[in-house]
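# Chain and residue survey
Spelled out, the chains give:
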Amino acid sequence: MPEAKKPAAKTDKAAAAPADSEGSECRDELLSESEELPDDETVPGGQSELTGLFVERPESTTVTKGKNVTFVAKVDSSDLLRKPNMKWLKGKWLDLGSKAGKHVQFKEAYDRNSKVYTYEMSIIKVVEGDAGGYRCEVTSKDKCDSCTFEVTVEGGSLPGNLILPLVTFLVPRGDAGEDAGDLDFSALLKKRDEPKEDVDVWEILKDAKPCDYEKIAFDYGITDLRGLLKRLKKMKKVEPKKSDAFLKKLEQCYSVDKGKRTQMHVELHDPNVQVKWLKNGVEIKPSCLSVLTVFCQCLSLPLSVCHVRYVFECVGNKRTLTINKSNLSDDAAYECVVGEEKSFTEVFVKEPPVTITKLLDDVHVVVGEKVEFECEVSEEGANVKWMKDGVELTKDGKYRIKKDGKKHTLVINEATIEDIGMYYVYTNGGESKGELEVEAKELEVLQSIADLSVKACEQAMFKCEVSDEKVVGKWFKDGVEVKPGNRIKMSHIGRIHKLTIDDVKPQDDGNYTFVPEGYALSLSAKLNFIGESNMFHAKVGVAIVTYHPLDHLSLSDIPPPLTDPPKIHLDTSSTGSKNTIVVVAGNKLRLDVEITGEPVPTVCVTHINQSLEGRVRVETRTTLSSFVIEGAERTDEGQYSIIVTNPAGEDRAELTVKIVDVPNPPENVRCMGVGEDTATITWDPPKFDGGAPIKGYLMERKKQGSSRWTKLNFEVFESTTYEAKKMIEGVFYEMRVFAVNGIGISQPSGNSKPFMPIAPTSEPTRLTVEDVTDSTCALKWRPPERVGAGGVDGYIIEWCKEGEDNWVEANKEPVDKNTYRVKGLPTGEKLLFRVVAMNIAGRSPPCTMKQSVIIREIMEYPKIRLPRQLRTKFIRKVGEKINLVIPFQGKPRPVVNWLKDGEPLENKSVGIRTSDFDTILFIRSAERDHSGTYTLSVQIDNMQDKADIHIQIVDKPGPPINVMVTDVWGFNAALEWKPPKDTGNTDITGYTIQKADKKTQGWFTVYEHNRRPSCTASDLVMGNEYSFRVFSENICGLSDEVAFTITVPIYIPPSDLEYNKPAFKEKDMSSSPKFTAPLVDRVVVAGYSTAISCAVRAYPKAKIVWMKNKMIIGEDPKFLMQNNQGVLTLNIRKPGQFDGGKYSCKAINDLGEDEVECRLEVRGFSPQKGLLQKCSLTGM
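Residues numbered from 1 in each chain as written. Predicted model: local features only at pLDDT ≥ 70, side-chain atom pairs only at ≥ 80, totals over all residues. Heavy atoms only, no water.

Looking only at helices and strands, the protein features 8 helices and 89 strands. When burial is assessed residue by residue, the protein has 38% of its 1180 residues classed as buried. Per element, the accessible surface of the protein, about 68,500 Å² overall, is 50% carbon and sulfur. (Helix = DSSP H or I, 4+ residues; strand = E, 2+ residues; numbered from the N terminus. Buried < 20%, exposed > 50% of the residue type's maximum accessible area, 1.4 Å probe, protein only. Areas by Shrake-Rupley, 256 points an atom, 1.4 Å probe, with all protein chains shown as cover.)

Okay, structure coming up:
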């Protein structure tokens, strides 16, 4: 008797509630519903526990019709060697992977840190047909796991009469909380008496009516109503109703891959009955190509010749529907209809998964540039889905999606900072991702503004050029924005910005700056106003140039000169160091030195290391001298001397100029180590830091062969060792590094050598001892379970004494094999051994032997393991090579001895080679003398084992002896001979006898493999003379020599017999007409000539009469009647609608008559319906 089930746990009530509510709606509906459950489905609320692969499993749920629902399953892959395969199934066999589309969608994700795969199945806009049992299965090599869940669809409130039976059991409780209103049978269980043990509930239920199931279940404490009905269904095996029309119906379903052919078969009771095939309730009618299959079958051509989609075949009582080149439109329900009976089936077309053959690459662009993500898939016209941050990307103004055969491209017209992120492309068979990095656009100065020295009333023009045409900016003078006016004009044409000042005045003198909007950049230059009253002297290097603007005055007009010693007023307080100026390389160096003295002093600027000619100019006014160097270089760095002189004296000042620049690129970029998805990169600092301290470094990487570099850090990295992450294992990468100081970023370093992120393998497995001697130990092991993309380069074996931790390497170079003998071990010591796998990523974790091994020779009895073929006589032919390998065992190494026929083996043509575990006997060319009994013995001290090997060397035999003819009679001759003296060291297996007559001298075989030394040659020709010869034969073949008859050729005398020819009696061939091949019913196409044929046998020759609908066909030119040796043919030229009917052929002679008939059906094309229509038949 079954025990009453306990109420479900509180955590399971939410999942079990839909199933319980469904199970109690109506007794009759429960029974029918249970019959639809698959046999291997688990009843909701009673799911089995996880077996280890699932971290999270989907749960049963109730969903409202029209809503969306998502099920999540998580699988732990830490112990798996490869990616697991997930299947979502509905019911017992329906694979939902073939139904992926708008209604059912799948998603897959992988977490590298936790090594957990997340699988999601979403049902969009649930319909009533989605209700039922589901199952998800995960498989990986030899591991598998599965779990089940239920989906219940609610379409609104149920009628009151369905809820009524449950009202009395919905007991709200004050402490039930969210479980209030569930089915509660606890009160009934407490009040009822325990059932007697000898009561069999299932026997009661088997004989009860379905309306009493619920009452019986309550009486005996069975709360799982659905499980009860499921078990009853198995117990009640209903005999299938026999069909009157079908001997064999269609299968329940057919599954076919897209593009393949599928066939559906039925067998009928009546072979002449007509069948109809329906697809989704609509009849499949034959097309023009279907009719052409009749001709293909008549000509024995394959059906593919006429490219038919649906093919109907009728062979006896078997009917077949063939669907060629199945596509998704063939996924439907099919019916075969015979009269009032139907046979149903369903065809599922599985679309092969579309895989991604070319993965996405990471893209690095600047703001405003065009972005293209490109991938290739395995099948043309496949559907792919582009996503970013979990949101599907569609065609709009920002994104464009292009398809070109197998190539799919996602295009972003103008990249922005908001587009940064990871982009995914999904197919039903894979996914790929690529990262987009968008960098703020840097503005490049193509031409900077230059200092101007302009006289009064002249025009001053500042001009600069930047890299972006769309950039706008503002002009400032001494920090104040310049406004356009009558004299001042600003223009922006393309990349060129201009500031024009007409009619320059003294107040225009100052510093002018152009500032682009949105960029931390400014371009500055100075406007020097030159007045007419100035006079100055300038000396550059050693050359002195004196300017006299007042030469037009007379000497009497010149006032007496004033004398004031020259003085240099030098201010370098803003530089941070006394008399030191720091200039960025490439910028303009301008030294403004205020000078006083009367008369106007002469200025001389000198550089200690070089001359200042070429890029140097000196601009001098009354009290100011400007020293300008265009485009400062590193060679301009050093100490400068400024000397001013006049008749009243001299003044001198020393000035230090420091040129700073971007640093040189880093050097010697190299990879120091790799991991599963990481790599450690190191480099040497640049030799020249540009005159400013190195702030840090920027790193970039790219895949080998690609031209796209990806930035790894946006903040400077101070160390010279960097760990790059998020790489793909098994892909080659290259790295380069930039150095950064206060001035800017250096040029990139040289590319590193290509390296591949690879993780070390897992530890080797099953390390065992194979053999031990006094100083060696043979080990064997299995390869690691997880190898990875780097493979295994070899193994290192290490040993140490028990209780110590000083491991000694047994081999310096890695060994490829999984076995190794460690030599040179200390005798009698207890040693531990371990093995590590090596690859490009380094050492794997060690596999250590758990128990120590004592290094000591183990005594083992000698034993010869004789191969099976040597246990019987070993036979070889003369001249063949003999190579016998005989293994043996024994420790220490046994002593091996060979004997032949009891004597020591001293034949030099027989070679012996012996190793630690086998011995080899080899003969390059066998001779008869090598035959005999060879004895092998292996001995250790007093222990010995022996084995005998019998070798027989055979050759072709000699010829027979004394071949003679002993008797001749009639057409026969008797021959006898004696066996050959040389049998070839083996038994004679037979003889071959040949004869030759004197006329032709050609030898013909009389007997082969004749075992006796005698024979009788028969079928000889009288009057001829014959000679005979005999060959002997053994297992090597026929003898090379032959024995001939000793006597002269024998003569066969002619006989006196006479032949009496019997009288000829003519046979009576007369017969009445009889058709041996009847006429066959035909279906033809109107307008195409056809013929009907039959065959008749009659003697004398019969008269043939052709009739149509019992009317004799006369001399109608449309019909051509032929008779070819009894084969009668009626050719009908281009039959029309009125040529259909019953055709008969009658054969008549004097002995009787016979008649056969057939029906001819002519079908014509109807333009209104586009189908072949049956023409009306006359006389049918």
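Following the structure, the description resumes.
For the rest of this paragraph, the subject is the packing of aromatic side chains. Scanning all chains against the criterion turns up 15 aromatic pairs. Judged by centre distance (5.0 Å) and plane angle (50°), the ring pair of tryptophan 475 and phenylalanine 514 falls under tilted. Of this pair, tryptophan 475 sits in strand β31 (residues 473-477) while phenylalanine 514 sits in strand β35 (residues 510-516), and the two are 39 residues apart along the sequence. Overall, the relative accessible area of 1% leaves phenylalanine 514 in the buried class. Here the aromatic residues Phe71, Trp88, Tyr134 and Phe149 are joined through ring pairs into a cluster of three or more. Geometry around tryptophan 807 places arginine 834 over its ring, the cationic atom sitting 4.2 Å from the centre. One cation-aromatic arrangement involves arginine 1029 over tryptophan 1003; the distance from NZ or CZ to the ring centre is 4.4 Å. (Phe/Tyr/Trp six-rings, centres within 6.5 Å; stacked < 30°, edge-to-face > 60°. Lys NZ or Arg CZ within 6 Å of the ring centre and 35° of its normal.)

Next up on the list: the sheet that holds strand β24 (residues 399-404). Taken in spatial order, the 4 strands of this open sheet run β19-β21-β25-β24, and their pairing is antiparallel. Where the open sheet ends on each side, the last strands, each with one partner, are β19 (356-358) and β24. Strand-to-strand twist across the sheet, computed as the mean angle between neighbouring axes with direction ignored, equals 30°. Relative to strand β25 (residues 407-412), β24 runs antiparallel, the two being bridged by 6 bridges. Residue arginine 400 lies in a different strand from β25, and its bridge partner there is valine 411. (Pairing = 2+ DSSP bridges. Axes fitted to C-alpha atoms, helices over the stretch in contact; angles between N-to-C directions.)

Position of threonine 1090 relative to the elements: it lies in strand β82 (residues 1090-1099). Not counting chain neighbours up to four residues away, the residues in contact with threonine 1090 comprise Arg1082, Val1084, Leu1130, Asn1131, Ile1132 and Pro1135. (Contact = heavy atoms within 4.5 Å.)

The 3 strands are arranged β71-β72-β75 in an open sheet whose pairing can be described as antiparallel. Each having just a single partner strand, β71 (961-969) and β75 (1014-1017) make up the two edges of the open sheet. Here the average twist between neighbouring strands, direction ignored, is 20°. One ladder, built from 4 bridges, connects strand β72 (residues 972-978) with β75; its direction is antiparallel. Paired with leucine 975 across the bridge in β75 is cysteine 1015.

Let us now look at the environment of phenylalanine 917. Within the secondary structure, phenylalanine 917 sits in the loop between β67 (910-914) and β68 (918-923). Its relative accessible area of 54% is what places phenylalanine 917 among the exposed residues. Taking the C-alpha atoms as reference points, phenylalanine 917 and glutamine 889, 28 residues apart in sequence, are found 5.9 Å from one another. Excluding residues within four positions of it along the chain, phenylalanine 917 makes contact with Pro887 and Phe888.

This next bit is on unusual backbone geometry. With an omega of -5°, the peptide bond between lysine 891 and proline 892 qualifies as cis. Following tyrosine 1099, the chain continues to proline 1100 via a peptide bond in cis, the omega torsion being 0°. With respect to the secondary-structure elements, proline 1100 resides in the loop between β82 and β83 (1103-1108). Even without glycine at this site, aspartate 503 takes up a positive phi of about 50°. The residue aspartate 503 is located in the loop between β34 (496-501) and β35 in this model. What makes aspartate 503 partly exposed here is its relative accessible area of 32%. Residues other than glycine seldom take positive phi values, yet asparagine 962 does so here, at roughly 55°. Tracing the chain through its elements places asparagine 962 in strand β71.

So, about the pattern of salt bridges. Two side chains that carry opposite charge are able to pair once their charged atoms sit near each other. Scanning the model with the defined rule gives 34 salt bridges in all. In this structure, the salt-bridge partner of aspartate 330 is lysine 279, at a minimum N-O distance of 3.7 Å. In this pair, aspartate 330 sits in the loop between β16 (318-323) and β17 (332-338) while lysine 279 sits in strand β13 (residues 276-279), placing the two residues 51 residues apart along the sequence. Between lysine 711 and glutamate 439 there is a salt bridge whose closest N-O contact spans 2.6 Å. Of the two residues, lysine 711 sits in strand β50 (residues 710-711) while glutamate 439 sits in strand β27 (residues 430-439), which places them 272 residues apart along the sequence. The residues lysine 711 and glutamate 439 share a single accessibility class, namely buried. Look at the salt bridges and you will find they share partners, linking Lys279, Arg309 and Asp330 into a network. (Salt bridge = Lys/Arg side-chain N within 4 Å of Asp/Glu carboxyl O.)

Counting through the fold element by element, glutamate 903 comes out in strand β66 (residues 903-904). Each C-alpha atom of the pair glutamate 903 and tyrosine 934 lies 9.3 Å from the other, and the pair is 31 residues apart in sequence.

Moving on, we come to a nonpolar patch on the surface. Taken together, the side chains of Val367, Ile417 and Ile420 define a hydrophobic patch exposed on the protein surface, amounting to about 210 Å² of accessible area. In this fold, valine 367 is placed in the loop between β20 (363-366) and β21 (371-377). (Patch = residues over 30% accessible without salt bridge, like charges linked within 9 Å, V, L, I, M, F, W, Y side chains within 5 Å.)

In this section: the pairing of strand β7 (residues 116-123). Where burial is concerned, most of β7 is hidden: 7 out of the 8 residues are buried. The pairing of strand β6 (residues 104-111) with β7 spans 8 bridges and is classified as antiparallel. When the bridges of β7 are listed, alanine 109 appears paired with threonine 118. Here β6 folds back onto β7, and the loop between the two strands holds 4 residues, one of which, lysine 115, carries a positive phi near 55°.

Turning to the nonpolar core, a few remarks are in order. Core analysis: the biggest nonpolar cluster contains 26 residues, and Phe54, Phe71, Met86, Trp88 and Met121 have the highest contact counts within it. Within the residue set of this core, elements represented by two or more residues are β3 (69-76), β4 (85-90), β7, β8 (132-140) and β9 (143-154). For phenylalanine 54, the contacting residues outside a window of four places in its chain are Ala73, Lys74, Val75, Met86, Cys136, Val138, Asp145, Ser146 and Cys147. (Core = buried A, V, L, I, M, F, W, Y, C linked by side-chain atoms within 4.5 Å.)

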